[in-house]
Amino acid sequence: MLRPTLLLLAALTLTPPHSTAAESRPSTAQPNVQVLPQPFTIPGLNRQRTVRLYLPPSYATSGDKRYPVIYMHDAQNLFDDATSYAGEWGVDESMNELARTRGFEAIVVGIDHGNEHRISELAPWPNPKHGAAEGPQYMAFVVDVVKPWIDAHYRTQPGRESTAIIGSSMGGLVSHYALLRYPQVFSKAGIFSPSYWFSQKVYDETLAHPWPNGTRTWFYIGGKEGDESVPDVDRMMGVLSTQNKPPQDVALHIEPQAEHNERAWRAEFPRAVAWLFGLPGNSTAAPAAAAAPAAPTAPAAPAAAASAAR
């Protein structure tokens, strides 16, 4: 059974994020964050999505310098407390700090979630309770619409070796799917608190379609996210262990006291970015808190409300 705090978080997840209370909070977005003025249309779904963009501190003065790119979901929660509904990741503050202290800069592209469409749009596969999956259309939108536009209008390093995708919960699940479906586009993924309970197919597809060696993947899970959360990620580690992945390609960090929320993902984000991009002085091994890969096991029963569709 999920803890009461997780049930509350599940309820918050299903609440439209642009409430009056949220809009009344002051903006915390840094000056190098912008909202692109023209929304993008998702082909096949006839819906529009706002895209939010973080540009590195040196972007305006660096001439023809090009930058790696990180694509992220749930953009309302990435940069600004005024648009978040359960706290923000502080991606802009973290990236500015990485630039200041470690000399690493990247463009971050955040795609807004679709409020009542969020679960279906981030679902790569259908779920008996939550219905049809629109994750394939959503990821095709990211790859075929958003990325080409960003590459055409900003000084990116467009190759897969410089392109990452990061998300949490359902965003973690669809980021995993992105590696399966588009290994030619993404070579790095941060998979935070993934909703592996949503579909057995994530294990089946990973067994059937392993992503290439050299694809760096940072898995993260909190020890207080629900009874099945850590076992589900351990099970995925077991699947990956059958594919002889080089140790430097996969890392797992378990934070024993962390819950399923933006505060935890905010703390994890700079650590994941540093590892994914191999920053100097950053260990290429999994953190000490990582669990050893487990052997593949039989499917576990979904957790009740399952961090619900966060």
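Structure: above.
Before going into details, it helps to say that this report is about the structure given with it. (Residues numbered from 1 in each chain as written. Predicted model: local features only at pLDDT ≥ 70, side-chain atom pairs only at ≥ 80, totals over all residues. Heavy atoms only, no water.)

Focus on the pattern of salt bridges
Selection criterion: Each salt bridge in this description consists of a side-chain nitrogen of Lys or Arg and a carboxyl oxygen of Asp or Glu lying within 4 Å of one another. For helices the rule is a DSSP run of H or I covering at least 4 residues; for strands it is a run of E covering at least 2, with both sets numbered from the N terminus onward. Per-residue accessibility, obtained with a 1.4 Å probe over protein chains only, is compared with the maximum for each type, and a residue is labelled buried under 20%, exposed over 50%, and partly exposed between these values.
Using the criterion set out here, one finds 10 salt bridges in the structure. The salt bridge partner of Arg-47 is Glu-134, with a shortest N-O separation of 2.8 Å. Placement of Arg-47 in strand 3 (residues 47–49) and of Glu-134 in the loop between helix 4 (118–121) and helix 5 (135–153) is noted, with a sequence separation of 87 residues between them. For Arg-52, the salt bridge is made with Asp-112, and the minimal N-O distance between the two is 2.7 Å. In this pair, Arg-52 sits in strand 4 (residues 51–54) while Asp-112 sits in the loop between strand 6 (107–111) and helix 4, placing the two residues 60 residues apart along the sequence. Looking at Arg-52, the relative accessible area reads 11%, which means it is buried. Within this structure, Arg-47, Arg-49, Glu-121 and Glu-134 form a network of salt bridges that share partners.

Things to note about the pairing of strand 5 (residues 69–72)
This is how it is decided: For two strands to be treated as a pair, DSSP must find no fewer than two bridges joining them. A clockwise path from the first strand over the helix to the second, with the strands pointing away from the viewer, defines a right-handed crossover.
Across the two faces of strand 5 the burial is the same, with Val-69 and Tyr-71 and Ile-70 and Met-72 all buried. Across 4 bridges, strand 5 lies against strand 6 in parallel orientation. Bridge assignment links Tyr-71 to a residue of strand 6, and that residue is Val-109. You can see the chain leave strand 5, run along helix 3 (residues 91–102) and come back into strand 6, and the turn it takes is right-handed. Summarising the sheet, strand 5 and strand 7 (residues 163–168) pair through 4 bridges and their orientation is parallel. Looking across to strand 7, one finds that Met-72 is bridged to Ile-166.

Side note on the sheet that holds strand 10 (residues 250–255)
Using the following cut-off: A fitted line through C-alpha atoms serves as each axis, taken over the contacting stretch for helices, and the angle formed by two N-to-C directions is quoted from 0 to 180°. Residues are treated as being in contact if the distance between any of their heavy atoms lies within 4.5 Å.
What the 8 strands build is an open sheet, ordered 1-4-6-5-7-8-9-10; its pairing is mixed. Edge strands, defined here as strands with exactly one partner in the open sheet, are strand 1 (33–35) and strand 10. Averaged over all neighbouring strand pairs, the angle between strand axes comes to 15°, with direction disregarded. Running over the sheet, helix 6 (residues 170–181) touches strand 7, strand 8 (188–192) and strand 9 (216–222) and is turned about 150° from strand 7. The strands that helix 8 (residues 229–241) touches are strand 9 and strand 10; relative to strand 9, the one it contacts most, it runs at about 155°.

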